[in-house]
Amino acid sequence: MKLFRFDGGRIGIERDGSAFDITDALGIDINAWPPVQTVQLIADFDHRIPSIEKHAKTRPIDLAQVRLEVPIAWPNKLLAYPVNYVKHGLEMKSKNRADLNGFFLKANSSLSGPNDPIVLPDLPGREIHHECELGIVIGKGGKNISRADAYDHVFGYACLIDMVVRGNEERVMRKSYDTFCPFGPWIVTADEVPDPANLQARLWVNDELRQNANTRDLIVDIPEMIEIASRVATLYPGDIIATGTPEGVGPVQRGDRVRIAIDHVGEMTLDVQ
Ligand code: MN
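Model, not experiment: these values are computed from the prediction.

(A) Structural view of the sheet that holds strand E19 (residues 266–271). Taking strand neighbours across the sheet as the criterion, the four strands line up as E15-E14-E18-E19 in an open arrangement whose pairing is antiparallel. One side of each edge strand has no neighbouring strand; the edge strands of this open sheet are strand E15 (208–214) and E19. Between one strand axis and the next, the sheet turns by 10° as a mean value, whatever way the strands run. Where strand E14 (residues 200–205) lies against strand E18 (residues 257–262), five bridges are found, and the strand directions are antiparallel. Its bridge partner lying in E18, Arg202 is registered against Ala261.

This is how it looks when you write it as structure tokens:
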């Protein structure tokens with residue numbers, strides 16, 4: 001199943017090629033603030049599936065006719081792993097490694113949707129890079145989650161771009177500008193991803209393929225990311241973990257178009273402004 005937000009905070013699902021608006025079945029106030037509606041749904045998903053499925057067929061929608069929005073607007077946490085592919089460490093001439101340095105945080109407010117532009121801050125002379133990553137969405141929360149149990153805590157996956165200003169300021173600041181975390185175009189539930197440890201992820205800038213790598217080459221793999229993170233901080237439903245990027249990062253400029261595609265997950269194209 002795909003879970004998505006659209007047209008001003010409405011919530012939809014897609015299964016077997018058919019999409020449905022489930023907002024009314026969920027009794028959701030799309031204008032409520034903070035916009036935690038999908039986080040609440042993910043927390044209670046298993047209980048709500050029957051009513052969702054029953055209602056779903058009465059509200060078909062055409063995905064091509066709606067405007068998709070960021071599927072999780074207000075998570076408890078947006079975690080990210082730094083250098084998590086050997087070749088990216090080499091290209092950056094970095095001594096950082098995800099297995100040595102652990103995770104960092106991006107501001108939750110950097111999240112943006114599949115139809116939102118990436119808005120570059122006005123920083124003359126500075127390089128602003130794309131990082132193609134897989135986004136892992138936590139379903140069942142927990143503390144001290146073991147590697148063996150980790151996949152039981154995954155709700156699903158989405159494409160994620162970890163935008164960053166290169167330089168010496170604190171990493172959290174350089175990665176936390178508004179729109180610096182395009183995420184979407186939807187969340188694919190874990191049951192529809194046959195092998196998360198074998199997903200090809202690609203990123204293009206203006207049709208030039210810049211990044212092309214497989215999650216099998218992650219230094220810290222998905223279960224270990226969850227184990228490491230949950231040893232420090234309780235994970236909550238809707239939390240997002242960015243896996244780290246492979247080699248091929250590079251600068252973007254205003255007017256560029258950035259496309260990310262991940263097998264079994266989806267793709268999205270973003271304008272850079
Ligand atoms: Mn990154």
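Once you've had a look at it, read on.
(B) Region of interest: the packing of aromatic side chains. Under the counting rule described, the total for this entry stands at five aromatic pairs. Residues Phe4 and Phe6 carry aromatic rings whose centres are separated by 5.7 Å and whose planes lie at 55° to one another, so their mutual orientation is tilted. Of the two residues, Phe4 and Phe6, both sit in the buried class. For Lys2, the ring lying beneath its charged end belongs to Trp186, and the centroid distance is 5.2 Å. Above the face of the Trp204 ring, Arg259 is positioned so that its terminal group lies 3.9 Å from the ring centre.

(C) Fine view of the pattern of salt bridges. Applying the stated rule across the entire model yields 18 salt bridges. With a shortest N-O distance of 3.5 Å, Arg97 and Asp99 are connected by a salt bridge. Exposure remark for Arg97: the relative accessible area of 31% places this residue in the partly exposed category. Residue Asp99 is classed as partly exposed on the basis of its relative accessible area of 41%. Among the ionic pairs, Lys175 bridges to Asp162, the shortest N-O distance being 2.6 Å. Taken together, the residues Lys175 in the loop between helix H6 (171–174) and strand E13 (181–189) and Asp162 in the loop between strand E11 (154–161) and strand E12 (164–165) connect sequence positions 13 residues apart. Just as Lys175 is buried, Asp162 falls in that class too. It is possible to trace a salt-bridge network through shared partners that takes in Lys106, Glu131, Asp162, Arg166 and Lys175.

(D) The side chain of Ser112, seen in detail. Mapped onto the secondary structure, Ser112 falls in strand E8 (residues 111–112). Of the residues examined, Ser112 reaches a relative accessible area of 4% and is grouped as buried. Residues in contact with Ser112, not counting those within four places in the same chain, are Val70, Thr179, Cys181, Pro182 and Phe183.

(E) Region of the structure containing the environment of Asp162. Of the residues examined, Asp162 reaches a relative accessible area of 0% and is grouped as buried. Excluding residues within four positions of it along the chain, Asp162 makes contact with Phe104, Lys106, His129, His130, Glu131, Glu133, Lys175 and Phe180. In terms of polar contacts, Asp162 uses its side chain to reach the side chain of Lys106, at 2.5 Å.

(F) Highlighting the environment of Leu235. Looking at where Leu235 falls in the secondary structure, it is placed in the loop between helix H7 (222–232) and strand E16 (240–242). Taking the C-alpha atoms as reference points, Leu235 and Gly12, separated by 223 residues in sequence, lie 25 Å from one another. Once residues lying within four places of it in the same chain are set aside, the contact partners of Leu235 are Lys77, Leu79, Ile138, Gly141, Gly142, Ile145, Ile226, Ala229 and Ser230.

(G) Structural context of the pairing of strand E2 (residues 10–15). Two strands pair when backbone bridges link them, and strand E1 (residues 2–6) and E2 are joined in this way by five bridges, in the antiparallel orientation. Bridging across to E2, Leu3 finds its partner in Ile13. Connecting E1 to the antiparallel partner E2 that follows it, the hairpin turn spans three residues, and Asp7 within it adopts a positive phi of roughly 45°. Two elements, E2 and strand E3 (residues 18–21), share four bridges in a ladder whose sense is antiparallel. Counterpart to Arg15 in the pairing with E3 is Ser18. Count of turn residues in the E2/E3 antiparallel hairpin: two residues, of which Asp16 carries a positive phi of about 50°.

(H) Geometry of H7. All of the buried residues along H7 are Ile222, Pro223, Met225, Ile226, Ile228, Ala229 and Ser230. Those residues of H7 hidden inside the fold are in contact with strand E6 (78–80), strand E10 (132–138), E11 and E16. Among the residues of H7, the N-terminal cap falls to Asp221, whose side-chain oxygen and the backbone nitrogen of Glu224 are separated by 3.1 Å.

(I) The sheet that holds strand E17 (residues 250–251), seen in detail. In spatial order, the strands read E12-E9-E17; together these three strands make up an open sheet with antiparallel pairing. Edge positions in the sheet fall to E12 and E17, since each of these pairs with one other strand and no more. As paired elements, strand E9 (residues 128–130) and E12 share two bridges and run antiparallel to each other. Bridging across to E12, Ile128 finds its partner in Val165.

What counts as what
- Residues numbered from 1 in each chain as written.
- Predicted model: local features only at pLDDT ≥ 70, side-chain atom pairs only at ≥ 80, totals over all residues.
- Heavy atoms only, no water.
- Pairing = 2+ DSSP bridges.
- Helix = DSSP H or I, 4+ residues; strand = E, 2+ residues; numbered from the N terminus.
- Axes fitted to C-alpha atoms, helices over the stretch in contact; angles between N-to-C directions.
- Phe/Tyr/Trp six-rings, centres within 6.5 Å; stacked < 30°, edge-to-face > 60°.
- Buried < 20%, exposed > 50% of the residue type's maximum accessible area, 1.4 Å probe, protein only.
- Lys NZ or Arg CZ within 6 Å of the ring centre and 35° of its normal.
- Salt bridge = Lys/Arg side-chain N within 4 Å of Asp/Glu carboxyl O.
- Contact = heavy atoms within 4.5 Å.
- Polar contact = N/O pair within 3.5 Å; in protein donor to acceptor, adjacent residues only side chain to side chain.

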